[in-house]
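# Summary of the model geometry
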Amino acid sequence: MNYLFKALNDETRRQILELLKEKNMTAGEIADAFNITKPSISHHLDILKRADLVTSEKDGQFITYSINTTILEDVLQWILTLKK
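Described below are features of the structure shown in this document.

Rules of the game
- Residues numbered from 1 in each chain as written.
- Predicted model: local features only at pLDDT ≥ 70, side-chain atom pairs only at ≥ 80, totals over all residues.
- Heavy atoms only, no water.
- Salt bridge = Lys/Arg side-chain N within 4 Å of Asp/Glu carboxyl O.
- Helix = DSSP H or I, 4+ residues; strand = E, 2+ residues; numbered from the N terminus.
- Buried < 20%, exposed > 50% of the residue type's maximum accessible area, 1.4 Å probe, protein only.
- Pairing = 2+ DSSP bridges.
- Contact = heavy atoms within 4.5 Å.
- Axes fitted to C-alpha atoms, helices over the stretch in contact; angles between N-to-C directions.

Side-chain pairs of opposite charge can arise whenever the charged atoms involved come near each other. Evaluation of the coordinates by the stated rule reveals three salt bridges. With a closest N to O distance of 2.6 Å, R14 and E11 form a salt bridge. Placement of both R14 and E11 in helix α2 (residues 11-22) is noted, with a separation of three residues, approximately one turn of the helix. R50 is paired through a salt bridge with D46; the nearest N and O atoms lie 3.1 Å apart. Residue R50 and its partner D46 are both found in helix α4 (residues 38-50); the two are separated by four residues, about one turn of the helix. For R50, a relative accessible area of 39% corresponds to the partly exposed category.

In structure tokens, the structure reads:
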């Protein structure tokens, strides 16, 4: 769960999740939405993958990323148990 909170602690990674909420995207498509280098985007995507917030699938020479809502549902359930 530490990876999850580390991943969510960064504004750029939260913005990437917002993009992926709308549709699956390649790293290049994600990078085009930001004014930072492609290696930086790759670093952010790696952190999101380690936190299980995104999944990736190789499609030819491209890798398509998608949001993993299951982990978010698990975290929300855990947070709700703290309220009791």
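On we go.
Strand order in the open sheet made by the three strands is β1-β3-β2, with antiparallel pairing throughout. Whereas interior strands pair on both sides, the edge strands pair on one side only; in this sheet they are β1 (25-26) and β2 (54-59). Two strands pair when backbone bridges link them, and β2 and strand β3 (residues 62-67) are joined in this way by six bridges, in the antiparallel orientation. Note that in β3 the partner of V54 across the bridge is I67. Contacts from α4 reach β2 and β3 within the one sheet, and its direction differs from that of β2 by about 115 degrees.

Note that every value here comes from positions in space, so none of it alone points to a role or purpose.
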